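Residue-level listing of the chains:
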Amino acid sequence: SGAEAERWWREEHRGYVTEDRIRWILDRVGVERPRDCEHVSRAATEVDETLLALPPALLPGAAEAVRALAERFPLVVVSDTGFASGRAQDRLLERDGLAHHFAARVYSCDVGHAKPHPAPFEHALRALDVRPDELLHVGDIERTDVRGALGAGCRAIRLDIVRQGGASDAELVAESFEELVEYVLEAA
């Protein structure tokens, strides 16, 4: 299911939910379950609960960057969710004390499309009530974050903290949260 979900994301720019992946697996082994199957629902809930029980650590400097930028700008999360739901992602933001810094949260599983499809960016634009050239998207993947934002008429910064390298069409490739914050605050 991981390879198929990767294909959905890369080729179809599809936002999917955990249930889609579970049903894909069941279909491969010839098991059909009704739409309201309690077992499929429980498995999806377990995925969310596992993320919350074993959460990834925030990258050093991430919380400080969010707080600094939120003091000056309305922020929106635009995220391609993987196996866990947007609700679980929201709970992580709450746990880390960051949820209130975001005016809205846009998750591919809720929108039905993943970046670089324009739909996630369009949702962010509506949430902020701004023109595309007024939205600066920060992300770490050239194909989805940078090209998606630019394709929707928005601005883009690539943040190379986890992933490194390569040419970019972004207006900045920041190598630290400090560099990101400094650039954004100076450009404002």
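Refer to the structure presented above.
As the structure is a prediction and not an experimental result, all values here were calculated from the model.

Could you give an account of the environment of Ala188, naming the residues involved and the relevant values?
Mapped onto the elements, Ala188 comes out in the segment after α9 (177-187). The spatial distance from the C-alpha of Ala188 to the C-alpha of Arg91 is 31 Å, given a sequence separation of 97 residues. With residues near it in sequence (within four places) discarded, Ala188 still touches Arg72 and Phe73.

If you had to explain the pairing of strand β2 (residues 102-107) to someone new, which residues and values would you point to?
By the bridge criterion, 5 bridges tie strand β1 (residues 75-79) to β2 in an arrangement that is parallel. Directly across from Val77, in β2, lies its bridge partner Arg105.

Run through helix α8 (residues 142-151), naming residues and quoting values.
Summarising burial for α8: 7 of the 10 residues are buried, a large majority. By the burial criterion, the buried members of α8 are Glu142, Arg143, Thr144, Asp145, Val146, Gly148 and Ala149. Against the buried residues of α8 lie α1 (2-12), α7 (118-128), β3 (136-139) and β4 (155-159). In the stretch just after α8, Gly153 is the one whose phi turns positive, near 85°.

Definitions and limits used
- Residues numbered from 1 in each chain as written.
- Predicted model: local features only at pLDDT ≥ 70, side-chain atom pairs only at ≥ 80, totals over all residues.
- Heavy atoms only, no water.
- Helix = DSSP H or I, 4+ residues; strand = E, 2+ residues; numbered from the N terminus.
- Contact = heavy atoms within 4.5 Å.
- Pairing = 2+ DSSP bridges.
- Buried < 20%, exposed > 50% of the residue type's maximum accessible area, 1.4 Å probe, protein only.

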